[in-house]
Amino acid sequence: MPKAKGKNRRQKYSYNLNRKRLYRSARRRAAPRIACSHIRHAWDPTKSVAQNLAEMGLAEDPNKAVPIPKKKLLGMEVESNGRQQGRKIVQKPYVVNEMEYEASLPEKKSNTLSRDLIDYVRYMIQNHGENYKEMARDEKNYYQDTPKQIKRKINVYKNFYPEEYKDFVASLKQEKMDVQ
């Protein structure tokens with residue numbers, strides 16, 4: 001098979017490329033992306049990680065930030081150094097304040113059941129009540145769930161939507177009363 005034309009020629013040095021800029025941009029792209037937006041915006045790329053975190057009032061090493069106290073050895077006291085570590089001045093306290101505020105916000109409930117599962121459970125309860133063996137033999141049991149699997153799905157529905165489940169069962173009882 002023939003080679004593509006021009007592939008066997010040696011590479012020529014390109015004089016009009018700024019190698020310093022290329023190297024810097026490649027390093028910047030290779031640097032990891034900081035997930036926390038507050039830290040990312042306050043980050044100074046000219047400083048080290050330890051310097052950046054110290055300016056924000058964050059700990060670089062949690063073992064140094066919260067030291068483990070040494071235990072007394074059988075009546076003997078462990079000598080401690082008389083000097084205390086100097087407190088570093090926090091130059092960017094707003095970063096910690098924003099992170100604390102964000103952490104204090106209530107977490108919204110993101111886990112819900114699928115609409116298909118809700119419809120499936122409601123159909124089974126409506127037609128079969130608490131008879132799980134009958135539910136397993138139902139034609140709408142497409143995934144051929146066993147009675148225990150169906151019971152587990154119904155219990156999950158009960159845990160996710162307790163008020164809705166109570167209202168649904170109450171409406172079923174009301175329908176049965178009206179029929180009789």
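This one's a predicted model, so the numbers in the text were calculated from it and none came from an experiment.

Here we come to the nonpolar core. In terms of nonpolar packing, the biggest core is built from 15 residues, with Tyr 120, Val 121, Ile 125, Met 135, Ile 150, Ile 154 and Tyr 157 touching the most fellow members. Within the residue set of this core, elements represented by two or more residues are helix H6 (115-128), helix H7 (132-136), helix H8 (147-160) and helix H9 (162-179). With 6 residues, the top contributor of residues to this core is H6. Tyr 157 has contacts with Leu 113, Ile 118, Val 121, Arg 122, Glu 164 and Tyr 165, leaving out every residue within four places of it along the chain.

On to the packing of H6 against H9, then. For any two helices packed against each other, one specifies the inter-axial angle together with the distance between the axes. Two elements in contact, H6 and H9, have axes separated by 11 Å at closest approach and are oriented at 30°. When the interaxial angle is binned, H6 and H9 end up roughly parallel. Here H6 and H9 pass one another in a crossing that is right-handed. Taken together, the residues of H9 that come into contact with H6 (itself represented by Arg 122, Ile 125 and Gln 126) are Glu 164, Tyr 165, Phe 168 and Leu 172. When the residues that make up the contact of H6 with H9 are grouped by side-chain class, the tally is 4 nonpolar, 1 polar and 2 charged.

Parameters at a glance
- Residues numbered from 1 in each chain as written.
- Predicted model: local features only at pLDDT ≥ 70, side-chain atom pairs only at ≥ 80, totals over all residues.
- Heavy atoms only, no water.
- Core = buried A, V, L, I, M, F, W, Y, C linked by side-chain atoms within 4.5 Å.
- Buried < 20%, exposed > 50% of the residue type's maximum accessible area, 1.4 Å probe, protein only.
- Helix = DSSP H or I, 4+ residues; strand = E, 2+ residues; numbered from the N terminus.
- Contact = heavy atoms within 4.5 Å.
- Axes fitted to C-alpha atoms, helices over the stretch in contact; angles between N-to-C directions.
- Parallel < 35°, antiparallel > 145°, perpendicular 65-115°, else oblique.
- Left-handed = near helix turned anticlockwise from the far one by under 90°.
- Nonpolar A, V, L, I, M, F, W, Y, C, P; charged D, E, K, R; others polar.

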